[in-house]
Amino acid sequence: MQNISRTRRSMGGMDYVDPKKKSNFVGKIVLAAALTALCILMLKQSSTFGSPSPFSQRDTGVTHVLVTGGAGYIGSHAALRLLKDSHRVTIVDNLSRGNIGAVRVLETLFPQPGRLQFIYADLGDAKAVNKIFSENAFDAVIHFAAVAYVGESTLDPLKYYHNITSNTLVVLEAMAAHGVQTLIYSSTCATYGEPKKMPITEETPQLPINPYGKAKKMSEDIILDFHKNSDMAIMILRYFNVIGSDPEGRLGEAPRPELREHGRISGACFDAARGITPGLKVRGTDYKTADGTCIRDYIDVTDLVDAHDLMAITWNFSFLLFGSLLSGRSVNEFVEACKKATGVNIKVDFLPRRPGDYAEVFSDPTKIRDELNWTARYTNLQESLEIAWRWQKSHRDGYGSPS
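Just so you know, these numbers come straight off a predicted model, no measurement behind them.

Caption draft 1: Representation of the overall build of the protein within the structure. Scanning the protein for helices and strands turns up 13 helices and 16 strands. For the protein, with 403 residues in total, the buried portion stands at 49%. Restricting the contact set of the protein to residue pairs at least 6 apart, pairs at least 24 apart contribute 79%. If you sum the accessible surface of the protein, you get close to 19,600 Å²; carbon and sulfur atoms cover 53% of it.

Quick look at the structure:
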């Protein structure tokens, strides 16, 4: 009655309430109640009121895939391919490394109800993750979400064990609790460490030498131990260095500015070519390789997501390697290819080795070719960089300021 008390007047030593003021106050209450009732009536008459979300239902012939980390570089490209092939997609991302702009692009391309939804959540929050699983009818999970920089992992190892290993356990427990029977796990060639024999195959011993590789290896072990007494179909994919962009120019690589120091070599090359950084830093020139720089295998992101889409049809239990070059390429060769792709004579600074790096690593992709009849199409390093460079030139601010 605070509002009414303000309208009291003194009259002959007695207080009274102004009838006009009181009537106005009561009128406002009646109006608010009427508007509320009208809103409820309109909602009830709406065709969608009370109807379940299409994401909470299973529809014949439609595969609903949860893509963790789907706002990131690889995850967004994978989501695009899944959507193009008529899958239903839910992206879960906390945007600590991903870009909401990439999600907005996907939402524009696939605006139809029941095609794509984005959920902002942290996989380290078990309660939130279980709520997501309880409210959605997932058929499969592709688990990309992870911090993924070797150098950063040596500086902040606990962050990597929490983000990679602990979060994978949360996802796996939620899948088990809600009966989701298919998992594709995004792992890394860093689980192999520095093998004595090249090329790497799926049978090469896994002896990681940095926290990033160790955290991924622990996650693999957890998945495999669970799989021994479970009907869950799993696929563990160990990636090499991912490059390139969507050939149609819809998505690209847009690392956060504060992470450029730890990012992929392709992003560093493009930053130098665009003048964002004064030059490219090459760390390590004294490795036992032909030109003294590290040798790495590379795979184009388009090839990578094409293979993921194939997995969505041919679920299996396996470990597969994703590389495309049987002989690998040195960092110096990569830099020269980037110079040609961009047309910029990038300044290069040679620095000491980065902690946790290894001299040489490249793959033998025979198993994925034999088991799934899959081979990489984008095997020309310079051409992949040219495609990525086109996106970089037309998106000088990436996807814009992150929300």
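Caption draft 2: Region of interest: the pattern of salt bridges. The final tally for this structure, using the stated rule, is 19 salt bridges. For the salt bridge of Lys159 with Glu152, the shortest nitrogen-to-oxygen distance reads 3.4 Å. When its relative accessible area of 33% is taken as the criterion, Lys159 is described as partly exposed. Judged by relative accessible area, which is 9%, Glu152 ranks as buried. Beyond isolated ion pairs, a larger network of salt bridges with shared partners links Arg81, Asp85, Asp306 and Arg377.

Caption draft 3: Highlighting the packing of helix 11 (residues 331-342) against helix 13 (residues 381-394). Running from N to C, helix 11 and helix 13 cross one another at 50 degrees; their axes reach a closest spacing of 8 Å. Here helix 11 is positioned oblique relative to helix 13, judged by the angle of their axes. Viewed along their axes, helix 11 and helix 13 form a crossing whose handedness is right-handed. Within the contact between the two elements, helix 11 uses Phe334, Ala337, Cys338, Lys340, Ala341 and Thr342 and helix 13 uses Leu381, Gln382, Leu385, Glu386 and Trp389. Tallied by class, the residues present in the contact of helix 11 with helix 13 amount to seven nonpolar, two polar and two charged.

The rules we used
- Think of each chain on its own: its residues are numbered from 1, step by step along the sequence as written.
- Local features in a predicted model are, by the rule used here, given only for residues with pLDDT of at least 70; side-chain atom pairs are given and counted only at 80 or more, and totals for whole chains, interfaces and linings are based on all residues.
- Note that water and hydrogens are dropped before the side-chain values are worked out from all heavy atoms of the structure.
- The numbering of helices and of strands both runs from the N terminus, where a helix is a DSSP run of H or I of at least 4 residues and a strand a run of E of at least 2.
- Accessibility here uses a 1.4 Å probe with only protein chains present; expressed as a share of the type maximum, an area under 20% marks a residue as buried, one over 50% as exposed, and anything in between as partly exposed.
- In this analysis, two residues are considered to be in contact whenever any of their non-hydrogen atoms come within 4.5 Å of each other.
- Accessible surface is estimated by sampling points in the Shrake-Rupley manner with a 1.4 Å probe; for residues, cover comes only from the protein chains shown.
- Whenever a carboxyl oxygen of Asp or Glu lies within 4 Å of a side-chain nitrogen of Lys or Arg, that contact is scored as a salt bridge.
- With axes taken as lines fitted to C-alpha atoms, and helix axes fitted only over the stretch in contact, angles between N-to-C directions fall between 0 and 180 degrees.
- Relative orientations are named as follows: roughly parallel for angles under 35 degrees, roughly antiparallel for angles over 145 degrees, roughly perpendicular for angles from 65 to 115 degrees, and oblique for any other angle.
- The crossing is said to be left-handed when, going from far helix to near helix, the turn is anticlockwise and less than a right angle, and right-handed when the turn is clockwise.
- In this classification, Asp, Glu, Lys and Arg are treated as charged, Ala, Val, Leu, Ile, Met, Phe, Trp, Tyr, Cys and Pro as nonpolar, and every other residue, Gly included, as polar.

Structural measurements only, silent on function.
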